[in-house]
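# Geometric and topological summary
One letter stands for each residue in the lines below.
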Amino acid sequence: MPHDYPTMLKELRLKVTPKRLAILDFLARTGTYVSPEEVRHNLQEHFGSIGLPTVYRNLDELASGGIVSKIIHPNRQLYYYFCPNPNHHHHFICISCRKVRDLQICAVKGLEDEINSQVRGRVISHILQVNGLCGTCNEREMSAPDVL
Ligand SMILES: [Zn+2]
Ligand SMILES: [Zn+2]
Ligand SMILES: [Zn+2]
């Protein structure tokens, strides 16, 4: 395993279970965002038959701990992505090849004061996901625009 998942889970106060470890390992090894169906397919190789609700529950628990990110694709399918980067950042997702890049910039932070005064309240957190085509997919589409 490329990461110390048991320690990661314990730090998030999540119970260490074989299913959670298998999910994290699968997500980390694929390195892209994956659908709950794909996670289920992989889990079944190790644990036998598993219902989709069980998969969703485990993924959502990992997501609420922050160790896994939810990705909403423009096709409206929900995906999950493992990112070991604990710092505040956002993701650029390629909608074609599923590559994910960490963006080390946060435009929202600079807007917080303005938002606070607009809503007469206080920003506590935010979610920002940037969708697009990675360099490779963009080039491919430029040379053959009807591939996508
Ligand atoms: Zn791409
Ligand atoms: Zn990330
Ligand atoms: Zn941000």
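Everything discussed here concerns the structure shown above.
In this report, the structure presented in the accompanying data block is examined. Keep in mind that what you see is a predicted model, and the values were worked out from it rather than measured.

Procedures and definitions
- Residues numbered from 1 in each chain as written.
- Chains lettered and ligands numbered in written order.
- Predicted model: local features only at pLDDT ≥ 70, side-chain atom pairs only at ≥ 80, totals over all residues.
- Heavy atoms only, no water.
- Helix = DSSP H or I, 4+ residues; strand = E, 2+ residues; numbered from the N terminus.
- Buried < 20%, exposed > 50% of the residue type's maximum accessible area, 1.4 Å probe, protein only.
- Contact = heavy atoms within 4.5 Å.
- Lys, Arg positive; Asp, Glu negative; His and termini not counted.
- Charge placed at Lys NZ, Arg CZ, Asp CG, Glu CD.
- Donors = N, O, S within 2.8 Å, 3.2 Å for Na, K, Ca; no water.
- Tetrahedral: all angles 85-135°; square planar, octahedral: opposite > 155°, others 65-115°.
- Phe/Tyr/Trp six-rings, centres within 6.5 Å; stacked < 30°, edge-to-face > 60°.
- Lys NZ or Arg CZ within 6 Å of the ring centre and 35° of its normal.
- Pairing = 2+ DSSP bridges.
- Polar contact = N/O pair within 3.5 Å; in protein donor to acceptor, adjacent residues only side chain to side chain.
- Axes fitted to C-alpha atoms, helices over the stretch in contact; angles between N-to-C directions.

As a further point, take the overall build of the chain. Counting its regular elements, the chain contains six helices and five strands. Each helix (α) and strand (β) of the chain, taken in turn from the N terminus, gives the series α-α-α-α-β-β-β-β-α-β-α. With respect to the principal axes defined by its C-alpha atoms, the chain has extents near 50 × 45 × 25 Å. Expressed as a percentage of the 148 residues in the chain, the buried residues total 33%. Long-range pairs, those at least 24 residues apart, make up 48% of the contacts in the chain between residues at least 6 apart in sequence. Averaging the coordinates of the 17 positive side-chain charges in the chain and doing the same for the 15 negative ones gives two points 7 Å apart.

Another aspect to go through is the coordination of the zinc ion (ligand 1). Cys94 (SG), Cys97 (SG), Cys134 (SG) and Cys137 (SG) make up the full set of protein donors to the zinc ion (ligand 1), lying at 2.2 to 2.3 Å. Coordination geometry of the zinc ion (ligand 1): the four donor atoms subtend angles of 104 to 118 degrees at the metal centre, consistent with an arrangement described as tetrahedral. The sequence pattern describing where the donors of the zinc ion (ligand 1) fall on their chain is C-x2-C-x36-C-x2-C. Of this pair, cysteine 97 sits in the loop between strand 3 (90–94) and strand 4 (100–103) while cysteine 134 sits in the loop between strand 5 (129–132) and helix 6 (135–143); the two residues are 37 residues apart in sequence, bridging distant segments of the chain. In this structure cysteine 134 comes out as buried when scored by relative accessible area, which is 11%.

Coordination of the zinc ion (ligand 2) by the protein comes from Cys83 (SG), His89 (NE2), His91 (NE2) and Asp102 (OD), over a distance range of 2.0 to 2.2 Å. Coordination at the zinc ion (ligand 2) is tetrahedral, judged from the four donor atoms that bind it and the angles of 101 to 120 degrees they form at the metal. Sequence spacing of the donor residues for the zinc ion (ligand 2), all on one chain, is C-x5-H-x1-H-x10-D. Exposure class is identical for histidine 89 and histidine 91. Each is buried.

Turning our attention to the packing of aromatic side chains. Enumeration according to the criterion identifies two aromatic pairs in this entry. Relative to tyrosine 79, the ring of tyrosine 33 lies with its centre 4.9 Å away and its plane at 65 degrees, an arrangement referred to as edge-to-face. With a gap of 46 residues between them, tyrosine 33 in the loop between helix 2 (18–30) and helix 3 (36–47) and tyrosine 79 in strand 2 (residues 78–82) connect regions that are remote in the sequence. Neither tyrosine 33 nor tyrosine 79 differs from the other in exposure class; each is buried. The ring of phenylalanine 47 is capped by lysine 19, whose NZ or CZ atom sits 5.7 Å from the centre of that ring.

Two faces belong to every sheet, and in a regular strand the side chains alternate between them. With four of its five residues buried, strand 3 lies for the most part within the structure. In textbook terms, the turn of a hairpin is the stretch between consecutive antiparallel strands, and for strand 3 and strand 4 this stretch comprises five residues, one of which, arginine 98, has a positive phi near 70 degrees. As paired strands, strand 3 and strand 5 are joined by four bridges and run parallel to one another. By the bridge assignment for strand 5, isoleucine 93 is matched with asparagine 131.

Right, let's get into the side chain of histidine 126. Among the structural elements, histidine 126 can be located in the loop between helix 5 (107–119) and strand 5. In terms of polar contacts, histidine 126 uses its side chain to reach the side chain of histidine 88, at 3.2 Å. A distance of 3.2 Å separates the side chain of histidine 126 from the side chain of histidine 90, its partner in a polar contact. In this structure, histidine 126 is in contact with His88, His90, Cys106, Val108 and Glu112, ignoring residues within four places of it in sequence.

Reading across from one edge, 4-3-5 is the order of the three strands in this open sheet, with mixed pairing throughout. Strands with a single pairing partner mark the edges of an open sheet, and in this sheet they are strand 4 and strand 5. Strand-to-strand twist across the sheet, computed as the mean angle between neighbouring axes with direction ignored, equals 25 degrees.

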